[in-house]
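# Examining the three-dimensional arrangement
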Amino acid sequence: MANERDAATLDGENDLRQFLKVVQPDWSMPRRHQSSDINRVVKKLTAIGVKDSADLMSKVTTNKINEDLSSAGYSRLSKDSIDRIRTHGTFFRALENLTEAHYRQVGVFAPVAQLLSKTNLKKTADRRQTERRFVDEKIGDMPLPGADTAEGDGFGSPCSSHARRSLT
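For the structure given in this document, a descriptive report is provided here. Note that the structure is predicted; figures quoted are calculated from it, not measured.

This brings us to the overall build of the protein chain. Looking only at helices and strands, the protein chain features eight helices and zero strands. When each of the 168 residues of the protein chain is scored for burial, the buried share is 21%. Taking the contacts inside the protein chain whose residues are at least 6 apart along the sequence as the reference set, 42% of them involve residues at least 24 apart. Accessible area of the protein chain: about 12,800 Å², with a carbon and sulfur share of 55%.

Before going further, it helps to examine unusual backbone geometry. Residue Asn63 is not a glycine yet carries a positive backbone phi of 60°. Locating Asn63 in the fold gives a position in the loop between helix 3 (53-61) and helix 4 (65-71). Classification of Asn63 by relative accessible area gives partly exposed; the value is 49%.

Every α-helix winds through 3.6 residues per turn, so residues three or four apart in the chain are directed the same way. Along helix 3, the residues classified as buried are Ser53, Leu56, Met57, Lys59 and Val60. On an axial view of helix 3, the arc spanned by its buried residues comes to 165°, and they lie on one face. Once helix 3 ends, the next one or two residues include Asn63, with phi positive near 60°.

Taking 1.5 Å per residue as the helical rise, helix 5 (residues 79-97) with its 19 residues ought to reach 27 Å, and the 28 Å between its terminal C-alpha atoms agrees with that figure. Of all the positions in helix 5, only Ser81, Ile82, Ile85 and Gly89 are classed as buried.

This part takes up the nonpolar core. Leu20, Leu45, Leu56, Ile65 and Ile85 are the most contacted members of the largest nonpolar core, which has 19 residues in total. Those elements that provide at least two residues to this core are helix 1 (2-23), helix 2 (37-47), helix 3, helix 4 and helix 5.

Cut-offs and rules
- Residues numbered from 1 in each chain as written.
- Predicted model: local features only at pLDDT ≥ 70, side-chain atom pairs only at ≥ 80, totals over all residues.
- Heavy atoms only, no water.
- Helix = DSSP H or I, 4+ residues; strand = E, 2+ residues; numbered from the N terminus.
- Buried < 20%, exposed > 50% of the residue type's maximum accessible area, 1.4 Å probe, protein only.
- Contact = heavy atoms within 4.5 Å.
- Areas by Shrake-Rupley, 256 points an atom, 1.4 Å probe, with all protein chains shown as cover.
- Arc of directions from axis to C-beta.
- Expected span 1.5 Å × (residues − 1).
- Core = buried A, V, L, I, M, F, W, Y, C linked by side-chain atoms within 4.5 Å.

Right, here's the structure in full:
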């Protein structure tokens, strides 16, 4: 029973640590002659009873996090940090409820299309995009047909003269 509780505590602390790394990546950076900020934040959050990211989100949404930190003698979280926790918390809650059946990758990252293809679809798409840019640059340098006449393309088409005016 005690081992299960310890494992749950470690899992919750790991969950909290990973969540905080996403929320404030700069907290993971080690400080000179000190531990990283993330270790200090996790320590003060566990001291006020925050065991995992769900506990953190409930304290942030009820606006009790800074009150609890102050009453325990710790420094408060900044407004920026709390805003980031709220923003990322919504995304993490959506991920918890998301199952593989409810999403799929499309385009060049679609796994089925890539598996069935004999070439790398990402490289092919990048090459096509580069070719399109090159062609667009060359076409942009060319004069439009009928550009020297007032009628537009010589056929009296108002669409082509409108297109030429919008390009210049």
